[in-house]
Amino acid sequence: MRRVNDARSYVAQGFSPATPSLDFSPASASLGFRPTPGSAAQPALLVVVPAYNEADSLPQVVRQLRRILPWADVLVVNDGSTDRTADLLPSLGVAWLTMSTRVGVGGAVRAGLRYAVQRGYRYAARIHGDGQHRVSDIRRLLVPVASGELDAVTGSRFLRRPARLTLLRSAQVVLAACLGVATGRRITDPTSGLFVAGPRALALLARHHPAGYAEPELILLLHRNGLRVGEVSIHSRPRRRGRTSLTPGRAVIASGRTLLALLFVPPRRGLAEGEPS
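Summarised in this report is the structure supplied together with it. Computed from a predicted model, the values in this text were never measured in an experiment. (Residues numbered from 1 in each chain as written. Predicted model: local features only at pLDDT ≥ 70, side-chain atom pairs only at ≥ 80, totals over all residues. Heavy atoms only, no water.)

With respect to the overall build of the chain
Here is step 1 of the chain: Helix and strand content of the chain: eight helices and nine strands.
Here is step 2 of the chain: Here the chain holds 277 residues, and 55% of them are scored as buried.
Here is step 3 of the chain: Considering only residue pairs separated by 6 or more positions, the chain has 78% of its internal contacts joining residues 24 or more positions apart. (Helix = DSSP H or I, 4+ residues; strand = E, 2+ residues; numbered from the N terminus. Buried < 20%, exposed > 50% of the residue type's maximum accessible area, 1.4 Å probe, protein only. Contact = heavy atoms within 4.5 Å.)

Some words on unusual backbone geometry
Here is step 1 of the chain: Of note, Asn 53 is a non-glycine position whose phi angle comes to about 55°, a positive value.
Here is step 2 of the chain: The topology assignment puts Asn 53 in the loop between strand E3 (45-51) and helix H1 (58-68).

Focus on the nonpolar core
Here is step 1 of the chain: Counting residues in hydrophobic clusters, the biggest one holds 32 residues, and the most contacted among them are Leu 45, Val 47, Leu 65, Leu 69, Val 76 and Ile 138.
Here is step 2 of the chain: Secondary-structure elements contributing two or more residues to this core are E3, H1, strand E4 (73-78), strand E6 (123-126) and helix H4 (136-146).
Here is step 3 of the chain: Here the element with the most residues in this core is H1; it accounts for five residues.
Here is step 4 of the chain: When near neighbours in sequence (up to four residues on either side) are disregarded, Leu 69 contacts Val 47, Gln 64, Val 135, Ile 138 and Arg 139.
Here is step 5 of the chain: Ala 95, Leu 97, Tyr 115 and Ala 116 belong to the second largest nonpolar core, which has 28 residues in total. (Core = buried A, V, L, I, M, F, W, Y, C linked by side-chain atoms within 4.5 Å.)

Observations concerning the packing of helix H6 (residues 199-208) against helix H7 (residues 215-224)
Here is step 1 of the chain: One can describe the packing of H6 onto H7 by two numbers: an axis separation of 11 Å at closest approach and a directional angle of 125°. By the angle between their axes, H6 is oblique relative to H7. Note on packing geometry: the crossing formed by H6 with H7 is right-handed. Together, Ala 201, Leu 204, Leu 205 and His 208 of H6 and Leu 218, Leu 221 and Leu 222 of H7 make up the contact between the two elements. (Axes fitted to C-alpha atoms, helices over the stretch in contact; angles between N-to-C directions. Parallel < 35°, antiparallel > 145°, perpendicular 65-115°, else oblique. Left-handed = near helix turned anticlockwise from the far one by under 90°.)

Observations concerning the packing of helix H3 (residues 104-118) against H6
To describe two helices that pack against each other, one gives the angle between their axes and the distance between the axes.
Here is step 1 of the chain: Here H3 crosses H6 at 130°, and the two axes come no closer than 8 Å. Taken together, the axes of H3 and H6 are oblique relative to one another. Handedness of the H3/H6 crossing: left-handed. Contacts between H3 and H6 pair Arg 110, Leu 113, Arg 114, Ala 116 and Val 117 from the former with Leu 202, Leu 205, Ala 206 and Arg 207 from the latter.
Here is step 2 of the chain: Broken down by class, the residue content of the contact of H3 with H6 amounts to six nonpolar, no polar and three charged. (Nonpolar A, V, L, I, M, F, W, Y, C, P; charged D, E, K, R; others polar.)

With respect to the pairing of strand E5 (residues 95-98)
Here is step 1 of the chain: In E5, alternate side chains face the same way, and those of Ala 95 and Leu 97 on one face and Trp 96 and Thr 98 on the other are all buried.
Here is step 2 of the chain: Direction of pairing for E4 relative to E5: parallel, over a ladder of four bridges. By the bridge assignment for E5, Val 76 is matched with Trp 96. (Pairing = 2+ DSSP bridges.)

Considerations on the environment of Thr 191
Here is step 1 of the chain: By the element assignment, Thr 191 lies in the loop between helix H5 (167-183) and strand E8 (195-197).
Here is step 2 of the chain: Accessibility expressed as a relative area gives 10% for Thr 191, which makes it buried.
Here is step 3 of the chain: The sequence separation of Thr 191 and Glu 217 amounts to 26 residues, and the corresponding C-alpha distance is 9.5 Å.

Looking at the sheet that holds E3
Here is step 1 of the chain: With respect to topology, seven strands assemble into an open sheet ordered E5-E4-E3-E6-E8-E7-E9, the strand pairing being mixed. Strands at the two margins of the open sheet, each flanked by one partner only, are E5 and strand E9 (229-233). The mean angle between the axes of side-by-side strands here comes to 20°, regardless of whether they run parallel or antiparallel.
Here is step 2 of the chain: Pairing of E6 with E8 involves three bridges; the strand directions are antiparallel. Across the sheet, Ala 125 pairs through a bridge with Val 196, a residue of E8.
Here is step 3 of the chain: Contacts between H1 and the sheet are confined to E3 and E4, with E3 contributing the most and set at about 170° to the helix.

So this is what it looks like as structure tokens:
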């Protein structure tokens, strides 16, 4: 743990996202930058960017966020990267957390959402650090959440544009069908990494965001706690560099985890209202 010279940096070495407490105390972190929630004219939005070995694409993603959403705050969660990601963080001009060991994208996002709750943000968005998502789509996802129509929105790459049926896409289709049966809603993109959470969803996910490849379980968790979840069509781009970590095999594992949750995990009503779990 160390305080860095850049006043717009935040380091959390050794913070475990599984820890129930939301307190980023000096025992677990050094606070160098406290982001200010949005003005009265704009939603108090924190954009969480989980990053694992994204040194080549992360600076461009952050620049786009600051240019297109200048009223929002940004938090990069460095998930134990082994490339130059950690070295870049102090120069990005945004808040950041560094995990002492890799916890997976689900754990990294949960750490960011706990930070959002601790700092009093009303809304939180999650976007990949690899540049595949358009920052401008966050605005479109925010509209139904800020209006109170939905509690959470995920971005769908396939809502209007069916994709070529590859092995990975086949696993996604099966998973989407299972989630559709469970939720009674049409699900087209169960593994999307772009979402926006409103106050009720943020309170729930800050404590119970699934670990690992969490997107399918996230949709199920929100639905089973009585929250309103929808999709908005988005455009995605190929990764700027590197390879996706969601392989067909991992998609199958995610499908298996979700199916087990469908069969054995009962609804946990009341969590979104802040009752003890």
